[in-house]
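A look at the structure
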Protein chains: 4
Amino acid sequence: MGPGMIQQEFLDVKTLGICRIASPMAAMLEQRAPSLHYVDETDGVLFDSTLSALRVRQAEGVDPPTFEPAGPRKKIFFDPSKTRAGIVTCGGLCPGINDVIRGLTLTLNYGYGVSKVFGFCHGYRGFTAKHGHPVLELTPKNVSAINEKGGTMLGTSRGSEDSNEIADCLERMSINMLFVIGGDGTIRAAIELNEVLAERGLKIAVVGIPKTIDNDIMYIEQSFGFQTAFSEATRSIRNAHAEAKASPNGVGLVKLMGRHSGFIACYASLAGNDANFVLIPEVPFQLDGPQGFLSSLRKRIVERQHAVVVVAEGAGQDLMEGASGRDASGNKKLHDVGSFLKQRIHEYCQAEGTELNLKYFDPSYDIRSVPANAYDSVYSNRLAHSAVHAAMSGRTEMVVGRWNSRFVHVPMRLAIRERYCVDPNGDLWMSVLEATGQSLQYC
Amino acid sequence: MGPGMIQQEFLDVKTLGICRIASPMAAMLEQRAPSLHYVDETDGVLFDSTLSALRVRQAEGVDPPTFEPAGPRKKIFFDPSKTRAGIVTCGGLCPGINDVIRGLTLTLNYGYGVSKVFGFCHGYRGFTAKHGHPVLELTPKNVSAINEKGGTMLGTSRGSEDSNEIADCLERMSINMLFVIGGDGTIRAAIELNEVLAERGLKIAVVGIPKTIDNDIMYIEQSFGFQTAFSEATRSIRNAHAEAKASPNGVGLVKLMGRHSGFIACYASLAGNDANFVLIPEVPFQLDGPQGFLSSLRKRIVERQHAVVVVAEGAGQDLMEGASGRDASGNKKLHDVGSFLKQRIHEYCQAEGTELNLKYFDPSYDIRSVPANAYDSVYSNRLAHSAVHAAMSGRTEMVVGRWNSRFVHVPMRLAIRERYCVDPNGDLWMSVLEATGQSLQYC
Amino acid sequence: MGPGMIQQEFLDVKTLGICRIASPMAAMLEQRAPSLHYVDETDGVLFDSTLSALRVRQAEGVDPPTFEPAGPRKKIFFDPSKTRAGIVTCGGLCPGINDVIRGLTLTLNYGYGVSKVFGFCHGYRGFTAKHGHPVLELTPKNVSAINEKGGTMLGTSRGSEDSNEIADCLERMSINMLFVIGGDGTIRAAIELNEVLAERGLKIAVVGIPKTIDNDIMYIEQSFGFQTAFSEATRSIRNAHAEAKASPNGVGLVKLMGRHSGFIACYASLAGNDANFVLIPEVPFQLDGPQGFLSSLRKRIVERQHAVVVVAEGAGQDLMEGASGRDASGNKKLHDVGSFLKQRIHEYCQAEGTELNLKYFDPSYDIRSVPANAYDSVYSNRLAHSAVHAAMSGRTEMVVGRWNSRFVHVPMRLAIRERYCVDPNGDLWMSVLEATGQSLQYC
Amino acid sequence: MGPGMIQQEFLDVKTLGICRIASPMAAMLEQRAPSLHYVDETDGVLFDSTLSALRVRQAEGVDPPTFEPAGPRKKIFFDPSKTRAGIVTCGGLCPGINDVIRGLTLTLNYGYGVSKVFGFCHGYRGFTAKHGHPVLELTPKNVSAINEKGGTMLGTSRGSEDSNEIADCLERMSINMLFVIGGDGTIRAAIELNEVLAERGLKIAVVGIPKTIDNDIMYIEQSFGFQTAFSEATRSIRNAHAEAKASPNGVGLVKLMGRHSGFIACYASLAGNDANFVLIPEVPFQLDGPQGFLSSLRKRIVERQHAVVVVAEGAGQDLMEGASGRDASGNKKLHDVGSFLKQRIHEYCQAEGTELNLKYFDPSYDIRSVPANAYDSVYSNRLAHSAVHAAMSGRTEMVVGRWNSRFVHVPMRLAIRERYCVDPNGDLWMSVLEATGQSLQYC
C-alpha cells in the first residue's frame, strides 16, 4: 500500500444503530468549539496528512480518506442505566493494562453512570465454563489503586476460545459492551466473536484497546506501555555496558522484545550512548564473511576492547535452521536468537584466538511486568476514555487509535491488516545507525 | 484564528539561498521511498489534518496550508568542510538540554563532518565581551556523557544582549550557523538577531529548538523535557497525598510550574489518583462564596478529612492585588499563588473553626534540574537531528517542531505568535475534571 | 557521660512479671546455638565494646554494663489466645512506619497467634473520645500491601493526651500490649502512661519503636527510614548542583531536616560530590567576618562561579533573634535558617557587588513522605519483630534498639536521656570536611 | 569456632615498622576525645561483645580478644611527599567499586597530600607485561564523577598472576602501598604477594577492601554494594509476582546471586511481600516426596493459582549430578540450579496433570552492574578512608572491616578463614520462614 492509496471503506467503522439517547455529557459538549486540538464528531481525521497524498485524491476527484475522530458524542446508543459492560485482558503483559482497566471502569461509572462492569479473568478463558474462573465485579473502589501495580488484575492467557461459547456467556450475562485489551491475535478473535454476535442479532459493542509491547500495531502511533518498556530496556543496555567495559574484551549481549518490529531495540539504544550494534527483524544481516556481523564485532573488540550488542528477539531468524512451531496465541515460535548469537560469537572468537568475556542479558519479563510510568499512565487512561465513548455510541469491531496526534476509531480489520515496523529507510533507523556507528555493509 | 484559517505565508520558512552541495547523506536518501512514516523533502505536512479544514480550502480554491517537513536534504547549502557552528542555551532549566547539545554536536560531526562546534556560555551573555565567559569547543568526546546530568553544560542566563554585539561575535568567529535552545523570549531575541544578520548580508542560519518546561509553545506537540517534568511532579503529588492522609484534616498543597499553561498540573494529576483540586491559569476560579474554592475545599476536608490541591504557578493571578514587575527575560513576574492560597486556606478554616493541617510543596527546582528520562532523551536527540538538517540546508529564522506526528520546520514568528494552552473545552481538561471530581461551579 | 561510665541499673528493663507460658516458637528456639550472630536470651550485649571501657570496670571489680538482647523467649508472659494488642503512630512522617505496622501485625498473628490487633488513629488522639477517631482492626490482609505507600495507614498527630484517658481506653478495650511508634516526645508520654498503668496495677506492656527521621535517638544506631530519607535528600543536592552550575554565580541552597542532629545533611552530602558547605546544629559557625560563612561562600562564588550549600534546619539557631515558641509535640520551634541564610547571602553579595543567582530547595515533605527503600523495609520489619517478642515476654517501658549490630532492649528513660548527635571530633564530620573542602576556621 | 573462642594472635595486624612521621591530620586528632562513637587508636574493639564471652575469658584470666580500631593515627609510617600508591580491582562486579577507588584517591590526595596514585587495569593482569594493559594515573579530577557509573573504571578480571611478577612491577614502579579490592580469591593472592614482598624486604603495605556481592565475608557486617544489590533483586521478585499472578497457575522463578550464602535471597524476599519459597545454600531441601519442594509448590499452585520462588545460585547443589570444574578465580563452578528447577517443576507438574505457566528470571548481571545507592556510596567511601589510614600507618596483609558498628582492621588470613553465612537457626532465616510461610519439613 502506498501512502494515501487506501479506500475510505477500510476506514469506516461499524455501528450497532442510530444514537437516540442524550449523553450525560451533552451539556459539556455544547460549549466546545472545534480548534486545532478538538475535532468535532462530524469531522474526519485525514489518513495521510501530506500534500502529495491530497493531490492524488484531487486528481481522482474524490475526498481523501479519513478516520472517524474519537471522543464523546452528544447522542449515544446505549441507555447508561441499563448498560452492563465487560472487560477482558489477553496475551502477554505490558505496562499500563491496569491503567486501562481502571480508566474504563471509572469513565463508565463517573462519566456515564454505568455501574455494572464485569472483569473476565485470564483472557478469553474467562468466558467459558470449563476453566471455571470467577467473574469479578469492578467498582471505582476496587480499581482505584491497581495502576500502581504491574501486570493485570484480571489475569491473562494466550489463545482463544470458541466464539459461540463466548457469545453464549455475554448473552447469558446480558453484557452490552465488551472491551478487549490485547494484540493482533486477540483482535482477530474479537472479529470472529463479532461475527457470531451479528449473526445472532445481538447488539453488543466489541471495542478494543490495542496492546503490544513491541509497538507493532498500526494507527496507534505509540502503543501504551511502550515508553515504560524501552525505559526499562535502557537500564539493561547501560548495565551491559558497565559489564563490557569491566572485562578484558568484554561483550554485553542484550536480547530485547521485538518479534517483528525492532522499536524497543531502537529507542532503548538511542536513549543512552552505549549500544554499538543494534540488530532488528526489519534489517537482515549476515553473520559470516568479511563484512558480516561476527567479523565486525571482533574488529571492534580488538580495537576498543569492549562492545555492546542489542538484538531484538525476532532478528536474524533466517540464520537459524529448523521449524519452530506456534504458541497458544497462534504466533510463530521464534528461534532463540540470543542464545544463538552467544554461541556463534564464542565459536568465532575462539577460532580467531580472540579472548572473549561475554555477558548475556535477557530482561524480557523484568521489562513487561513493571507498572506504567507517568506518561503511559496518562496515555492508557485517555485510550480507555476514548474506548468508552466509542462503545456508548454503538461503535463495534473497532479499536481506539491515535493518528496525526488525535484519538481516532480504527476498524479491527484495518488494525491487523499490516504490521507497524521500523522503516529501514526512515529517520529512526538512520538515527540508530548514526548513534551506533555500525556499518551498513553487513546489513 | 480558527482551525485551518491560517495563510501559507505564515508557514513558509526563510532560506539563505539555493542548495548546491551534495549532502554526505545523499546516498542513503536515494534509497528512501515516501511512506506513511517518511515525508519526502518536496512534500508538505498539512497544518490542519481534518476534513472540515480541507473543505474550507477547497471552497476557496486554494491548497491547504502546509509545514515544510524536517529531515536531511539531498543537496545542502553549507559546505561541511568549511562550516563552523555555534550553540547557546537560554532561560530556565529543563530536562533534556544536554541531550540537545549532544545531539547537535554528534550529528554535525558524524552526519556531516562538521568538526568546529562552539558552545557559548550562559545564554546570550556568552557572545558579549563584558561578561567574559569563555567559549567552549564541543567535541564528540566532551559531550558524550553530558546527557546523564541535569542542567546544561553550557550554563544559561535570562535576558538578552544587544543584537549587534551578538552579530559582531558571530562574524568575528566566522560562525555559519547558530543553534538557539530557549523559550519565547529567546526566540524573540533570535528574530532580532536574524534581522541584524540579514541587514549585514551575513549568511548565518539561526535555528531554534524550542525549550519550555510548561509545554506552552505551539507546533511542537510536546516540548522536550515535558514528560520528565510531569513525572517528577507526580512524585510530589503522591507525597502530598501521604502527608494529607496522615494528619487530621490534612491538606497537601502542591505548587507546580505553569505560568500561562497548566499542562504539567493536568498531566501530573492524571498520572496518579491523588489530586482532588487542580487549578490552572486557563480556568479562572473564585475563592469565596458558597461555590468558591475555599468553601469546596473545606467541604471536602469535613467530609473526607483530607485533600490534595495542585496549583499551577500562573493560576488565580487575578485574585491577587498589586503590580509585580518583570524578570530579566521580560516575563511578567507572577504573584506567588502558592503562598497566597496557603494563607487564605488557613484564614478561612480558622474563621470556620475547622482544624487544618496544611503541608506546602514547592518542588519547582527539584523538577526542572533532573536529567531527561529515556523518552525525552530520544526525543531531544531527534529534535537536534532535525535542527542540524535544517541549518545545513540553509533554513533560518525557524525552529524545529512536531506536527501531526512529523518533524517539521516552523518559522520563528509563527512559533511565538500564540501560546499553547490547555483548552478548557478540550479532552484534557475534561479528563482532569473527571479524575478529580472537582465541581465546575467555582470555575 | 564518658564511654562505659553508665551504671547497669539504667540499662535494666522493666517486666510485668514472670514468664510461665511456653512460646509457640519454643521448638524452633531449642535448636539454636549461640554464635557470633545469635545472642542467647540469658546473655547480655556490652554497652561499650572497647577494651578500655572494660578495663575501667575490671578496676572497679564490677561487670561491665550490658543491654538485654532482643529476640523470642522460650517462655512468654502473655497467653497468645487471650492477648489483645494496640498500635499507635505519633509525630511527623518517616519512611517505614507502615512497614513497622505491618511487621507488628504479621508477627503477632503468624508468630504468636494473636489475632486481635487494633490500630488507634492519629496518634494519642485515637484514645480519647473527644476526637472521635475510629479504631481500626488490623489483619494480615488489610496490612499486606501498606508498605508500598508512604505515610502511615493509622494517621498521626503531634502532641499528647491525658494519660488517664489513654489508660481508660486501654482498660476499657482490654488491651494487653501497646506498641508506640514515635520520637522522644512520644516516648516521654509513653513513660507517663506507663506510670498510670502501674499505679492502676494494669499488666499492660508499653513497647516503643523509636521513630526519628533525624536519626537523633541513642542506641538505635540508625533509625528506620533514615537511609531512605538521606537518599532522597541526595537528589535535591544533585539538583541544586545542576541549578548552581547553570547560572552565572549560581548558588544552590538546600535546607534539610535535622533539628538537633545533622546526620541527614552529612550523609546526603557524602553520597554525592556536590555539596561545598554543610552546616549542622552540632557545629556553630560565624556568618560575618573574614573567616565567616558569608565571606567564604562569596570567595568560592568568585573563584568557581557556583556553590552548593546544605543546611540542617537546626543549624545556626544562635544567629537568629527572638523567641520561637513550641509546637504541639512540645518541641521548641526553630527559626527558619533557610530563609534567613537566603536573605543574608543576598544582602551580602549585593553589598559586595557580586552577582548572585540563588535557588532555594526545601524538600522536607518530599523526603519524609516516601515509601521505605528495600533496606529500611527489612530493617523496620525486624525492629517490629523484636518489639513483639519483647511485649509477649512482658517487657514494658522500653524501646527496641540496635547496638553493636545486635537488636537489644533499651529502657525508655535511657533512650531519651540524651540525643544522638554528629560528633564534631568524629569520623563522620571529618569525612564531611574532607569531602567538601570547607574550611574549619569559620566554624 | 565457638563465639569468643578465638585467640588474640589471629586478630593482630602486621605492620611494616614504627610510625615516626607526624600525620597531616595530627592537629585535628588532638581535639578528639573517646566517646561511644570514637575509639582511640590505642584502644581495642571486642571480638565478641557479649557478657558470656567475657566471662569465659575472665575465667581463663586473659583479656578478651580485640580488633585494632581503624582510623587516622597521629604518627604515620610513610612520608606522604614520597608515597606512591596503587589500586587494583579484581573479580566480579559489585555496586560501589568506583566509590572505593574515588574515596582512596581523594583521601590520599586531600587527606595526606599523596598525589601519585596509580590504577592497575583488569585485576592482577594489570601488573604483568604479557597482558599489556596500561597503568592509569588517578587524580581527584579523573575520579570525581566515577561513582555515578556502575562497574569499575579500572576494569577487572578473574584469576591471579604470578606473585613474583606482581612484586617486580610494584618494585619497578616504586609503589609503597597497594589497595586491593576483591573477594576471597583476591585476598588469598594478596597474602601470597605479601609473602614475596616480605621475603624481598620490600616495605610495601598491602591493604584490602573486601568486595563480595554475596555478603559472604566475615567481619565486614555488610559488604559494600550489598544493599544496592538486594534492592535491585527486590524489583525482580516484584516483577515475578506480577507475572505469576497474571497467568493461570503462574510461577515466577527468580535465580539470585549467592554461591555459598543466601543473604541476597533472604533480604530481597523480606523487603517485599511476594516470595513464597526461598531456597538458599545454607538450608538443604528435598525435591521429591510428600514434603519435598515440588509437592509443596504444586500444592500452593493448586490452592492459590500462583507462586513465587526465589533461589540463590548455590542452593540445592547436592541435588544435581556430575562434576562442574572451577572458574578462573578458582571458585568451584556451580551447577545451574535455576535451569534445573525450571525443568524439574515442568516435569513434575506435567506428570501430575497440573497446568503450569512458569516465567524464569535471571537478573544477575542487571544487579551487580548498577551504580551504588546513596547508602553504599557513603559506606564505600568510609571503607576507603579507613584503608588509606591503615596503609599510611604501615599496616599490611589486612583488610578493613566493620565490627560492632566500628571500622576495624582485620588480618587477611582471618578474613578468609571462614565464610559469613545465613545462620539457619538465626533471626534472619526465622524472619524469612515467617514472611513466606514456607513449611520447614522439606528443608
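Residues numbered from 1 in each chain as written. Chains lettered and ligands numbered in written order. Predicted model: local features only at pLDDT ≥ 70, side-chain atom pairs only at ≥ 80, totals over all residues.

Moving on: the overall build of chain A. Secondary structure assignment for chain A yields 14 helices and 17 strands. Over its C-alpha trace chain A gives a radius of gyration of 24 Å, about what one expects of a compact globule, namely 22 Å for 443 residues. Along the three orthogonal principal directions, the C-alpha set of chain A runs to about 75 × 60 × 40 Å. (Helix = DSSP H or I, 4+ residues; strand = E, 2+ residues; numbered from the N terminus. Rg over C-alpha atoms; globule rule 2.2 N^0.38 Å.)

Each partner contributes to the interface: chain B provides 54 residues, whereas chain A provides 54 residues. Contributions of two or more residues to the side of chain B that touches chain A are made by β3 (45-46), α2 (51-60), α3 (97-112), α7 (226-246), α8 (263-271), α12 (374-392) and α14 (427-436) of chain B. If you tally residues by element for the side of chain B that touches chain A, the top one is α12 of chain B, at 7 residues. Residue composition of the side of chain B that touches chain A, by class: 20 nonpolar, 25 polar and 9 charged. (Contact = placed C-beta atoms within 7 Å. Nonpolar A, V, L, I, M, F, W, Y, C, P; charged D, E, K, R; others polar.)

Another point: unusual backbone geometry. Phi is positive for Y219 of chain C, close to 70°, though the residue is something other than glycine. You can see Y219 of chain C is positioned in the loop between β10 (205-210) and α8 (226-246). For S174 of chain D, which is not a glycine, the phi torsion comes out positive at approximately 55°. Tracing the chain through its elements places S174 of chain D in the loop between α5 (163-172) and β9 (177-182).

Another aspect to go through is the pairing of strand β9 (residues 177-182) of chain C. Residue and element names in this part refer to chain C. β9 sits mainly inside the fold: 6 of its 6 residues count as buried. Of the two faces of β9, the one holding M177, F179 and I181 and the one holding L178, V180 and G182 are both buried throughout. Bridging between strand β6 (residues 84-89) and β9 involves 5 bridges; their strand directions are parallel. Paired with I87 across the strands is F179, a residue of β9. Where β9 lies against β10, 6 bridges are found, and the strand directions are parallel. Following the sheet pairing, G182 is matched in β10 by P210. (Buried ≥ 20, exposed ≤ 12 C-beta atoms within 10 Å, placed from the backbone. Pairing = 2+ DSSP bridges.)

Take the interface of chain A and chain D next. A common way to state how big an interface is: give the accessible area lost once the parts meet. Contacts between chain A and chain D engage 24 residues on the former and 24 residues on the latter. At the level of secondary structure, the elements contributing two or more residues to the side of chain A that touches chain D comprise α7 (226-246), β14 (357-361) and α11 (364-368) of chain A. Per element, the largest residue contribution to the side of chain A that touches chain D is 6 residues, and it comes from α7 of chain A. Of the residues belonging to the side of chain A that touches chain D, the class tally is 8 nonpolar, 11 polar and 5 charged.

Further remarks concern the domain arrangement of chain A. All names here are of chain A. The domains assigned to chain A are domain 1 (14-223 + 372-415) and domain 2 (227-369 + 424-436). Between the C-alpha centres of domain 1 and domain 2 the distance comes to 35 Å. Contacts between the two partners involve 20 residues from domain 1, matched on the other side by 18 residues from domain 2. Per-class residue counts for the side of domain 1 that touches domain 2 are 6 nonpolar, 10 polar and 4 charged. (Domains from an automatic or database assignment.)

Turning our eyes to something else, we now look at the sheet that holds strand β16 (residues 398-403) of chain B. All names here are of chain B. If you walk across this open sheet you meet the 9 strands as β3-β4-β17-β16-β10-β9-β6-β7-β8, and the pairing is mixed. Both edges of this open sheet fall to β3 and β8 (135-137), since each of them pairs with a single strand only. Note that strand β10 (residues 205-210) and β16 share 2 bridges and pair parallel. When the sheet's bridge partners are listed, V207 is paired in β16 with M398.

For the rest of this paragraph, the subject is the relation of the copies chain A and chain D. Each copy of the sequence occupies a distinct position, and chain A is placed on chain D by a rotation of 180° and an axial shift of 0.0 Å, giving an RMSD of 0.0 Å. Taken together, the rotation angle and the small translation identify this as a two-fold axis. Among all residues of chain A, the minimum C-alpha distance to the rotation axis is found for P363 of chain A, at 3.5 Å. A share of 100% of the interface residues of chain A reappears at the interface of chain D, consistent with the copies meeting face to face through the same patch. (Least-squares fit on C-alpha atoms with pLDDT ≥ 70 in both.)

With that settled, consider α3 of chain B. All names here are of chain B. Across its 16 residues, α3 extends 22 Å between first and last C-alpha, which sits within 8% of the 22 Å expected from 1.5 Å per residue. Most of α3 is tucked away, with 15 of its 16 residues classed as buried. After α3 finishes, the residue G113 shows a positive phi value of roughly 75°. (Expected span 1.5 Å × (residues − 1).)

Before going further, it helps to examine α7 of chain A. In this model α7 of chain A runs 31 Å from its N-terminal to its C-terminal C-alpha over 21 residues, within 8% of the 30 Å that 1.5 Å per residue would give. Across the 21 residues of α7 of chain A, 21 count as buried, placing the element largely inside the fold.

Let us look at the sheet that holds strand β12 (residues 277-279) of chain C. Residues and elements named next belong to chain C. Pairing is parallel in the open sheet, where 4 strands are placed in the order β12-β13-β11-β14. Looking at the sheet topology across the chains shown, the edges are occupied by β12 and β14 (357-361). Strand-to-strand twist in this sheet, taken as the mean axis angle between neighbours without regard to direction, amounts to 15°. When strand β11 (residues 250-256) meets strand β13 (residues 306-312), the two strands line up parallel, connected through 7 bridges. What sits directly across from V251, in β13, is A307. Packed on one face of the sheet, α8 meets β11, β13 and β14 and runs near 165° to β11. Those strands touched by helix α11 (residues 337-352) are β11, β13 and β14, and its axis lies near 160° from that of β11. (Axes fitted to C-alpha atoms, helices over the stretch in contact; angles between N-to-C directions.)

This part takes up the packing of α7 of chain B against α8 of chain B. Residues and elements named next belong to chain B. Axis separation between α7 and α8 bottoms out at 8 Å; the angle between their running directions is 60°. Accordingly, the angle class assigned to the pair α7 and α8 is oblique. The two elements α7 and α8 cross, and the hand of that crossing is right-handed. Contacts between α7 and α8 involve F226, A229, F230, A233, T234 and I237 on the former and, on the latter, F263, I264, Y267, A268, S269 and A271. In the contact of α7 with α8, the residues fall into 10 nonpolar, 2 polar and no charged. (Parallel < 35°, antiparallel > 145°, perpendicular 65-115°, else oblique. Left-handed = near helix turned anticlockwise from the far one by under 90°.)

Now for the environment of A374 of chain A. Tracing the backbone shows A374 of chain A in helix α12 (residues 374-392). The class for A374 of chain A is buried, based on 24 C-beta atoms found within 10 Å. Separated by 322 residues in sequence, A374 of chain A and S52 of chain A have C-alpha atoms that sit 37 Å apart. Excluding residues that lie within four positions of it along the chain, A374 of chain A makes contacts with F230, S231, T234 and A271 of chain B.

Another aspect to go through is the environment of L428 of chain B. Residues and elements named next belong to chain B. Relative to the helices and strands, L428 is located in helix α14. Remark: the alpha-carbon pair of L428 and G272, spanning 156 residues in sequence, is separated by 15 Å. If we ignore the near neighbours within four places in the chain, the residues touching L428 are C266 and V422.

This part covers the confidence of the model for chain A. Looking at chain A, the pLDDT average stands at 93 and 97% of residues meet or exceed 70. The complex model carries a pTM of 0.95, and its ipTM stands at 0.93. (pLDDT = per-residue confidence, 0-100.)

Residues and elements named next belong to chain A. Residue placement: L16 occurs in the loop between β1 (14-15) and β2 (21-22). Expressed as a C-alpha distance, the spacing of L16 and F78, which sit 62 residues apart in the sequence, is 9.8 Å. Setting aside residues up to four positions removed in sequence, L16 forms contacts with F77, K203, A205, G394 and T396.

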